[in-house]
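# Reading the structure
Residues per chain, in single letters:
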Amino acid sequence: MKEVRSLERGINILFQFRKERPFLTPEEITRAVKLPKSSIYRFLLTLRKLGLIERDTLTGRYFLGLRLLELEEVVHSAIDLESIAKPLLVKLGEFSGETVQLNILRNDHGICLYGVESPPPQVST
């Protein structure tokens, strides 16, 4: 099956943004993905039109758009971990008396999927 090269390039641009570098200039993106600057500007224009990327008008730097959060919601709805994990997290929290979280590892950092606050302290009478 043949892949769509331009789609791959556009997604690769999105993945250049990281927690440690959430804002990028077109020049930084050009160096990172090794495409002509004119192509980068066309990709950025399309990604902005779709709400996947935004531009800071003061600095000219780009950052990921809030529309990407819609995809996060879809991922969460497809994985029904909450119904499986939540009762276990509650029991673990009650047993330990601590806040409990379910995290997944993505590359070199964890992402919290669900959390249960620590139970209130028991007051002895």
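Just above, that's the structure.
Scope of this entry: the structure provided in the associated data block. (Residues numbered from 1 in each chain as written. Predicted model: local features only at pLDDT ≥ 70, side-chain atom pairs only at ≥ 80, totals over all residues. Heavy atoms only, no water.)

One ladder, built from seven bridges, connects strand β3 (residues 100–106) with strand β4 (residues 109–116); its direction is antiparallel. Residue pairing across strands places Val100 opposite Val116, the latter belonging to β4. Following β3, the chain reverses through two residues before pairing antiparallel with β4; Asn107 in that reversal takes a positive phi of roughly 55°. (Pairing = 2+ DSSP bridges. Helix = DSSP H or I, 4+ residues; strand = E, 2+ residues; numbered from the N terminus.)

On to the environment of Asn107. Note that Asn107 resides in the loop between β3 and β4. Sequence spacing of Asn107 and Gly65 is 42 residues, and the spatial spacing of their C-alpha atoms is 21 Å.

Here we come to the side chain of Thr30. On the secondary structure map, Thr30 appears in helix α2 (residues 26–33). Ignoring any residue separated from it by four or fewer positions in sequence, one finds Thr30 in contact with Leu35, Pro36, Lys37 and Ile40. (Contact = heavy atoms within 4.5 Å.)

Turning to unusual backbone geometry, a few remarks are in order. Non-glycine residue Lys34 carries a positive phi angle of around 55°. Mapped onto the secondary structure, Lys34 falls in the loop between α2 and α3 (37–49). Residue classification places Lys34 among the exposed residues on the basis of a relative accessible area of 71%. (Buried < 20%, exposed > 50% of the residue type's maximum accessible area, 1.4 Å probe, protein only.)

Moving on to the packing of helix α1 (residues 5–14) against α3. The geometry of α1 relative to α3 is characterised by a closest axis approach of 10 Å and an angle of 80° between their N-to-C directions. Judged on the interaxial angle alone, α3 and α1 are roughly perpendicular. From α1, Ser6, Arg9, Gly10, Ile13 and Leu14 reach across to α3, where they touch Ile40, Phe43, Leu44 and Leu47. Residue composition of the contact of α1 with α3, by class: six nonpolar, two polar and one charged. (Axes fitted to C-alpha atoms, helices over the stretch in contact; angles between N-to-C directions. Parallel < 35°, antiparallel > 145°, perpendicular 65-115°, else oblique. Nonpolar A, V, L, I, M, F, W, Y, C, P; charged D, E, K, R; others polar.)

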